[in-house]
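Each chain, written out:
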Amino acid sequence: MKFLVTNDDGIDASGIKYLVDSLQDYGEVCVVAPSQERSGTGHAITTHQPLRLTKVERFPGVESYMVDGTPTDCVKMALQALGYQPDLVVSGINLGANLGTDVLYSGTVAAAIEGVICGFPAMAVSLCGEASFLPTATEYLQRIIFEVRLPMPRDGLLNINVPAIPLNEIRGVQATRLGVRVYNNTFEKRFDPRGLPYYWMGGSPANLHGQEGVDHFAVENGYVSVTPIHFDLTNYGLLNELQTYLDD
Ligand code: MN
């Protein structure tokens, strides 16, 4: 198998190193990842400035490049500039959950979506906590890809979230739907050395009242969450109602 690996935490992040290590024994890996952290950049692309693609030696025996752009730029360049033809695009392993509405902000998920847009099966993998539990994520990733061989959708991606707990405490894998994850954002007002104000966004997820079947509920209960996602954002529930209203 041929894998294209990318992420949004940047090519020097620990998560991508674990991801490369976990796939390397199973086939050919090509890495094209952002030169710096690009978390929270969503599906942004770079169109008004040039992109540099630099060959780097980061992972022994693995062809690797860094791009001074977004995760989506990386996938586009890998598939359309380098012409790489992977069997699977894998984005991650992100340090931090990508649950519910996070997927709309996430560069990790956007990179996987871009793979699908370009015609390749893709998955996004996130660890919902500390880097010390990356081995839990790689173990389940290997099981999902190589043992269970989950069917890879052609019209969407799989969004995988792994609880940050020891391997022996994982209770299983659950197919889930996206939940809603709202943040209590804080904007801390500070002053620069010239006395001009600036703001720094922080915050944490609001208390969630998870329902069974929703991604964050699965993770909170010790399950690896696998959510099939497609990028058709049409509100089908409203479609007919809207037409009826227009006809009247
Ligand atoms: Mn990230």
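For the structure given in this document, a descriptive report is provided here.

Reading guide: rules and limits
Residues numbered from 1 in each chain as written. Predicted model: local features only at pLDDT ≥ 70, side-chain atom pairs only at ≥ 80, totals over all residues. Heavy atoms only, no water. Donors = N, O, S within 2.8 Å, 3.2 Å for Na, K, Ca; no water. Helix = DSSP H or I, 4+ residues; strand = E, 2+ residues; numbered from the N terminus. Buried < 20%, exposed > 50% of the residue type's maximum accessible area, 1.4 Å probe, protein only. Axes fitted to C-alpha atoms, helices over the stretch in contact; angles between N-to-C directions. Parallel < 35°, antiparallel > 145°, perpendicular 65-115°, else oblique. Left-handed = near helix turned anticlockwise from the far one by under 90°. Contact = heavy atoms within 4.5 Å. Nonpolar A, V, L, I, M, F, W, Y, C, P; charged D, E, K, R; others polar. Phe/Tyr/Trp six-rings, centres within 6.5 Å; stacked < 30°, edge-to-face > 60°. Expected span 1.5 Å × (residues − 1).

1. Quick notes on the coordination of the manganese ion
Link 1 in the chain: Distances from the manganese ion to its protein donors, D8 (OD), D9 (OD), S39 (OG) and N94 (OD1), fall within 2.0 to 2.2 Å.
Link 2 in the chain: If you list the donors of the manganese ion from N- to C-terminus, the spacing comes out as D-D-x29-S-x54-N. Linking D9 in the loop between strand 1 (2–6) and helix 1 (14–24) with N94 in strand 5 (residues 88–95), this pair joins segments that are 85 residues apart in sequence. An identical accessibility class is assigned to D9 and N94; each is buried.

2. Section: the packing of helix 2 (residues 71–81) against helix 3 (residues 107–117)
Link 1 in the chain: Running from amino to carboxyl end, helix 2 crosses helix 3 at an angle of 25°, the nearest separation of the two axes being 8 Å. As summarised for this structure, helix 2 and helix 3 are arranged roughly parallel, according to the angle between their axes. Handedness of the helix 2/helix 3 crossing: right-handed. Of helix 3, the residues touching helix 2 (which contributes P71, T72, V75, K76 and L79) are G107, A110, A111, E114 and G115.
Link 2 in the chain: For the contact of helix 2 with helix 3, a count of residues per class yields five nonpolar, three polar and two charged.

3. Describing the packing of aromatic side chains
Link 1 in the chain: Applying the stated criterion to the full structure yields two aromatic pairs.
Link 2 in the chain: Ring centres 6.0 Å apart and planes at 85° place the aromatic pair F3 and F146 in the edge-to-face group. Placement of F3 in strand 1 and of F146 in helix 4 (residues 134–147) is noted, with a sequence separation of 143 residues between them.
Link 3 in the chain: You can call F3 buried: its relative accessible area is 0%.
Link 4 in the chain: The buried category is assigned to F146, whose relative accessible area is 13%.
Link 5 in the chain: Centroid distance Y26 to F146: 3.6 Å. Interplanar angle 5°. Geometry classified as stacked. You can see Y26 sitting in the loop between helix 1 and strand 2 (28–34) and its partner F146 sitting in helix 4, a full 120 residues away along the chain.
Link 6 in the chain: Each residue in the set F3, Y26 and F146 is aromatic and connected to the rest through ring pairs, giving one cluster.

4. Concerning helix 6 (residues 236–247)
Residues separated by three or four positions in an α-helix point in the same direction, a consequence of the helix having 3.6 residues per turn.
Link 1 in the chain: With twelve residues, helix 6 extends 17 Å from end C-alpha to end C-alpha; this agrees with the ideal 16 Å at 1.5 Å per step.
Link 2 in the chain: With zero of its twelve residues buried, helix 6 lies for the most part at the surface.

5. Digging into the packing of helix 1 against helix 4
The packing of two helices is summarised by the inter-axis angle and the distance between the axes.
Link 1 in the chain: Axis separation between helix 1 and helix 4 bottoms out at 10 Å; the angle between their running directions is 40°. Between helix 1 and helix 4, the crossing angle belongs to the class labelled oblique. Along this stretch, helix 1 crosses helix 4, giving a crossing that reads as right-handed. Residues S14, G15, Y18, L19, S22 and L23 of helix 1 form the contact with helix 4, whose own contacting residues are L134, P135, T138, L141, Q142, I145 and F146.
Link 2 in the chain: Here the residues of the contact of helix 1 with helix 4 are counted per class, giving eight nonpolar, five polar and no charged.

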